[in-house]
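Reading the structure
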Amino acid sequence: MNDGIFKEEWLEKAKVAQSRAYTPYSKFNVGALLITEDDQYIYGANIENAAYPATICAERSALVSAYSNDIKKFKAIVVITDSEEPSSPCGTCRQVMKELCDDDMPVYLANAAGKVIKRSVDDLLPLGFSGKDMEL
(Lines give C-alpha, C1' and ligand atoms only; values in the text may rest on other atoms or scores of the structure.)
Protein backbone atom coordinates (compact mmCIF):
# COMPACT_ATOMS: atom_id res chain seq x y z
CA MET A 1 0.00 0.00 0.00
CA ASN A 2 1.57 3.28 -1.07
CA ASP A 3 -0.91 6.13 -0.89
CA GLY A 4 1.42 8.68 0.67
CA ILE A 5 -0.17 8.26 4.11
CA PHE A 6 0.07 4.55 5.02
CA LYS A 7 3.26 3.44 6.77
CA GLU A 8 4.34 -0.20 6.69
CA GLU A 9 5.14 -0.06 10.41
CA TRP A 10 1.43 0.48 11.03
CA LEU A 11 0.76 -3.06 9.85
CA GLU A 12 3.21 -4.48 12.38
CA LYS A 13 1.76 -2.33 15.16
CA ALA A 14 -1.76 -3.50 14.21
CA LYS A 15 -0.54 -7.08 14.58
CA VAL A 16 0.58 -6.23 18.12
CA ALA A 17 -2.94 -4.96 18.84
CA GLN A 18 -4.38 -8.14 17.33
CA SER A 19 -2.21 -10.28 19.60
CA ARG A 20 -3.99 -8.72 22.59
CA ALA A 21 -7.44 -9.93 21.55
CA TYR A 22 -9.49 -12.04 23.95
CA THR A 23 -11.52 -14.43 21.79
CA PRO A 24 -12.22 -17.68 23.63
CA TYR A 25 -15.48 -18.20 21.70
CA SER A 26 -14.95 -17.14 18.09
CA LYS A 27 -11.13 -17.45 17.94
CA PHE A 28 -11.36 -14.54 15.44
CA ASN A 29 -8.72 -12.06 16.60
CA VAL A 30 -9.03 -8.49 15.39
CA GLY A 31 -6.59 -5.69 16.05
CA ALA A 32 -7.02 -1.99 15.50
CA LEU A 33 -4.30 0.62 15.44
CA LEU A 34 -5.62 4.15 15.73
CA ILE A 35 -3.10 6.77 14.66
CA THR A 36 -3.59 10.17 16.21
CA GLU A 37 -3.04 13.46 14.47
CA ASP A 38 0.31 13.79 16.27
CA ASP A 39 1.37 10.20 15.43
CA GLN A 40 0.58 8.50 18.74
CA TYR A 41 -0.57 4.90 18.53
CA ILE A 42 -3.67 3.71 20.33
CA TYR A 43 -4.22 -0.03 20.35
CA GLY A 44 -7.56 -1.79 20.26
CA ALA A 45 -8.46 -5.48 20.30
CA ASN A 46 -11.72 -7.35 20.25
CA ILE A 47 -12.67 -8.52 23.72
CA GLU A 48 -15.36 -11.21 23.79
CA ASN A 49 -17.77 -12.00 26.59
CA ALA A 50 -19.93 -15.06 27.23
CA ALA A 51 -22.87 -12.64 27.19
CA TYR A 52 -22.28 -11.83 23.52
CA PRO A 53 -23.79 -8.32 23.48
CA ALA A 54 -21.13 -7.27 26.01
CA THR A 55 -18.38 -8.04 23.47
CA ILE A 56 -16.48 -5.03 22.13
CA CYS A 57 -14.83 -4.85 18.73
CA ALA A 58 -11.24 -3.73 18.20
CA GLU A 59 -12.19 -0.52 16.40
CA ARG A 60 -14.47 0.63 19.20
CA SER A 61 -11.93 -0.49 21.79
CA ALA A 62 -9.33 1.86 20.28
CA LEU A 63 -11.73 4.77 19.84
CA VAL A 64 -13.13 4.48 23.37
CA SER A 65 -9.60 4.40 24.74
CA ALA A 66 -8.69 7.52 22.77
CA TYR A 67 -11.74 9.49 23.83
CA SER A 68 -11.31 8.34 27.43
CA ASN A 69 -7.87 9.94 27.31
CA ASP A 70 -9.16 13.16 25.68
CA ILE A 71 -7.66 12.32 22.28
CA LYS A 72 -10.06 13.28 19.51
CA LYS A 73 -8.06 13.98 16.35
CA PHE A 74 -7.02 11.02 14.21
CA LYS A 75 -4.96 10.49 11.10
CA ALA A 76 -6.08 6.92 10.28
CA ILE A 77 -7.07 3.52 11.65
CA VAL A 78 -5.71 0.12 10.61
CA VAL A 79 -7.87 -2.96 11.21
CA ILE A 80 -6.26 -6.39 10.85
CA THR A 81 -7.61 -9.94 10.87
CA ASP A 82 -6.29 -13.37 9.93
CA SER A 83 -8.97 -13.86 7.29
CA GLU A 84 -8.14 -14.66 3.68
CA GLU A 85 -9.30 -11.21 2.59
CA PRO A 86 -9.26 -8.06 4.73
CA SER A 87 -12.45 -7.78 6.77
CA SER A 88 -14.65 -4.73 6.98
CA PRO A 89 -15.80 -3.32 10.33
CA CYS A 90 -19.23 -4.33 11.59
CA GLY A 91 -22.14 -1.93 11.35
CA THR A 92 -21.82 -0.77 14.94
CA CYS A 93 -18.14 0.07 14.46
CA ARG A 94 -18.93 1.93 11.25
CA GLN A 95 -21.49 4.02 13.12
CA VAL A 96 -19.08 4.78 15.97
CA MET A 97 -16.37 5.79 13.47
CA LYS A 98 -18.93 8.02 11.74
CA GLU A 99 -19.68 9.70 15.07
CA LEU A 100 -16.12 10.11 16.35
CA CYS A 101 -13.92 10.46 13.24
CA ASP A 102 -13.73 12.75 10.24
CA ASP A 103 -15.70 11.40 7.30
CA ASP A 104 -12.61 11.40 5.07
CA MET A 105 -10.33 9.65 7.60
CA PRO A 106 -8.57 6.68 5.99
CA VAL A 107 -9.56 3.22 7.21
CA TYR A 108 -7.00 0.59 6.20
CA LEU A 109 -8.34 -2.96 6.20
CA ALA A 110 -5.61 -5.59 6.33
CA ASN A 111 -5.02 -9.31 6.64
CA ALA A 112 -2.07 -11.17 8.14
CA ALA A 113 -0.62 -11.78 4.68
CA GLY A 114 -0.18 -8.03 4.24
CA LYS A 115 -3.00 -7.24 1.83
CA VAL A 116 -4.35 -3.77 2.57
CA ILE A 117 -7.49 -2.07 1.26
CA LYS A 118 -8.02 1.65 1.82
CA ARG A 119 -11.45 3.16 2.40
CA SER A 120 -12.70 6.24 4.22
CA VAL A 121 -15.18 6.41 7.07
CA ASP A 122 -17.71 7.82 4.59
CA ASP A 123 -17.03 4.95 2.14
CA LEU A 124 -17.87 2.45 4.88
CA LEU A 125 -21.08 4.20 5.91
CA PRO A 126 -22.36 6.29 3.00
CA LEU A 127 -25.22 8.64 3.84
CA GLY A 128 -24.59 7.92 7.51
CA PHE A 129 -26.06 10.05 10.28
CA SER A 130 -24.11 11.36 13.26
CA GLY A 131 -24.01 14.16 15.77
CA LYS A 132 -22.28 16.24 13.09
CA ASP A 133 -25.61 16.32 11.28
CA MET A 134 -27.32 17.79 14.33
CA GLU A 135 -25.00 20.81 14.64
CA LEU A 136 -26.71 24.14 14.12
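Shown above is the structure to which this text applies.
Here we summarise the structure given alongside this text. As the structure is a computational prediction, the values presented were derived from the model and not from experiment.

For helix H1 (residues 8-19), spanning 12 residues, the distance from its first C-alpha to its last is 18 Å, which sits close to the expected 16 Å at 1.5 Å a residue. Burial in H1 covers these residues: Trp10, Leu11, Ala14, Ala17 and Gln18. All buried residues of H1 project into a common sector of 110° when viewed along the axis, lining one side. On its buried side, H1 packs onto strand S1 (31-36), strand S2 (41-45), strand S3 (74-81), strand S4 (106-111) and strand S5 (116-120).

Within S1, 6 of the 6 residues are buried, which leaves the element mostly enclosed by the surrounding structure. Side chains of S1 alternate between two faces, with Gly31, Leu33 and Ile35 and Ala32, Leu34 and Thr36 buried alike. Pairing between S1 and S2: 5 bridges, direction antiparallel. Across the sheet, the residue bridging to Ile35 is Tyr41, located in S2. Between S1 and S2, which pair antiparallel in sequence order, lie 4 residues; one of them, Asp39, sits at a positive phi of approximately 65°. Relative to S3, S1 is paired through 6 bridges, and the arrangement is antiparallel. Paired with Leu34 across the two strands is Ile77, which belongs to S3.

What counts and how
- Residues numbered from 1 in each chain as written.
- Predicted model: local features only at pLDDT ≥ 70, side-chain atom pairs only at ≥ 80, totals over all residues.
- Heavy atoms only, no water.
- Helix = DSSP H or I, 4+ residues; strand = E, 2+ residues; numbered from the N terminus.
- Expected span 1.5 Å × (residues − 1).
- Buried < 20%, exposed > 50% of the residue type's maximum accessible area, 1.4 Å probe, protein only.
- Arc of directions from axis to C-beta.
- Contact = heavy atoms within 4.5 Å.
- Pairing = 2+ DSSP bridges.

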